[in-house]
Amino acid sequence: MASFAGDPRHERLVGVLVPLLRRSCPAGGGGFGGSYELRLGADEAEALGGVGLIRSAMRKAARSLGWSRLQTYGGSYPQVAVAGVVDRREVPEEFAGVVEDYRMERMRAMAEVMSQTLQDGRRRSVPGSVFVTTQEFRAAFAESVPG
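Reading guide: rules and limits
Residues numbered from 1 in each chain as written. Predicted model: local features only at pLDDT ≥ 70, side-chain atom pairs only at ≥ 80, totals over all residues. Heavy atoms only, no water. Axes fitted to C-alpha atoms, helices over the stretch in contact; angles between N-to-C directions. Helix = DSSP H or I, 4+ residues; strand = E, 2+ residues; numbered from the N terminus. Parallel < 35°, antiparallel > 145°, perpendicular 65-115°, else oblique. Left-handed = near helix turned anticlockwise from the far one by under 90°. Contact = heavy atoms within 4.5 Å. Nonpolar A, V, L, I, M, F, W, Y, C, P; charged D, E, K, R; others polar. Core = buried A, V, L, I, M, F, W, Y, C linked by side-chain atoms within 4.5 Å. Buried < 20%, exposed > 50% of the residue type's maximum accessible area, 1.4 Å probe, protein only. Expected span 1.5 Å × (residues − 1). Pairing = 2+ DSSP bridges.

Visitor: Can you tell me about the packing of helix H1 (residues 8-23) against helix H5 (residues 130-143), naming the residues and giving the values?
Guide: Axis separation between H1 and H5 bottoms out at 10 Å; the angle between their running directions is 135°. Accordingly, the angle class assigned to the pair H1 and H5 is oblique. Considering only the axes of H1 and H5, their crossing is right-handed. Between H1, through Arg12, Leu13, Val16, Leu17, Leu20 and Arg23, and H5, the contact on the second element is made entirely by Glu136, Phe137, Ala140 and Phe141. Counted by class, the contact of H1 with H5 contains seven nonpolar, no polar and three charged residues.

Following this line, the structure appears as structure tokens:
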């Protein structure tokens, strides 16, 4: 695995990702149950340093939030690059209900939006969807521009 220590692109990505990963966790869930995925254009991902650097930044950002057991994934394809991180820690019982309710609500919202889209043909965004998280990432990254 390549080392990105000291790479300013890596540190900038970590700085952008920490608050986004934190927000992916359910309120009242003790920081458990988070996940984050990006789908970027292949050229856009390369300009950021490539999928390897993005995954490494996700790993470092997640660990800084205490995600001691996590999974990252990703790959680059002709037109799209995918990278993600998932908190795989066991959720303590005191937070388990909140995390499970959050996951169920996200699934309900997705099913509802899909049903509405099939009924009227209008495309919609689901809060927390990959489309939304990628747009949030782009905005946060643009705001982090040194200068």
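Visitor: So what's going on with the nonpolar core? Which residues, and what values?
Guide: A general trend in soluble globular proteins is that nonpolar side chains are found buried together. Counting 27 residues, the largest nonpolar core has Leu13, Leu17, Tyr36, Ile54, Met58 and Phe137 as the members making the most contacts within it. If we skip the residues at most four places from it in the chain, leucine 13 touches Leu48, Leu53, Ile54, Ala57, Phe137 and Phe141.

Visitor: Account for helix H3 (residues 51-64), naming residues and giving values.
Guide: Between its terminal C-alpha atoms H3 stretches 20 Å, which fits the 20 Å expected from 14 residues at 1.5 Å a residue. Along H3, the residues that are buried comprise Val51, Leu53, Ile54, Ser56, Ala57, Met58, Arg59, Ala61 and Ala62. Looking at the buried residues of H3, the elements they touch are H1, strand E1 (35-41), helix H2 (42-48), strand E2 (70-76) and strand E3 (80-87). At the exit of H3 stands glycine 66, carrying a positive phi of roughly 90°.

Visitor: Describe the sheet that holds E3, naming the residues involved and giving the relevant values.
Guide: The antiparallel open sheet is built from three strands, whose spatial order is E1-E3-E2. Of all the strands in the sheet, the pair left with one neighbour each is E1 and E2. The average angle at which neighbouring strand axes cross in this sheet is 5°, direction not considered. The sheet contact formed by E1 and E3 spans seven bridges and is antiparallel. Each residue of the ladder has a partner; that of arginine 39, found in E3, is valine 82. Sitting on the sheet, H3 touches E1, E2 and E3, and the angle it makes with E2 is about 165°.

Visitor: With reference to specific residues and values, describe H5.
Guide: For H5, with 14 residues, the first-to-last C-alpha span of 20 Å sits near the 20 Å given by 1.5 Å per residue. Here H5 has its buried residues at Val132, Thr133, Thr134, Phe137 and Phe141. Of the surrounding secondary structure, the elements contacted by the buried residues of H5 are H1, E1 and H2.

Visitor: If you had to explain the environment of glycine 52 to someone new, which residues and values would you point to?
Guide: Mapped onto the fold, glycine 52 is located in helix H3. Looking at glycine 52, the relative accessible area reads 41%, which means it is partly exposed. Separated by 44 residues in the primary sequence, glycine 52 and proline 8 place their C-alpha atoms 15 Å from one another.

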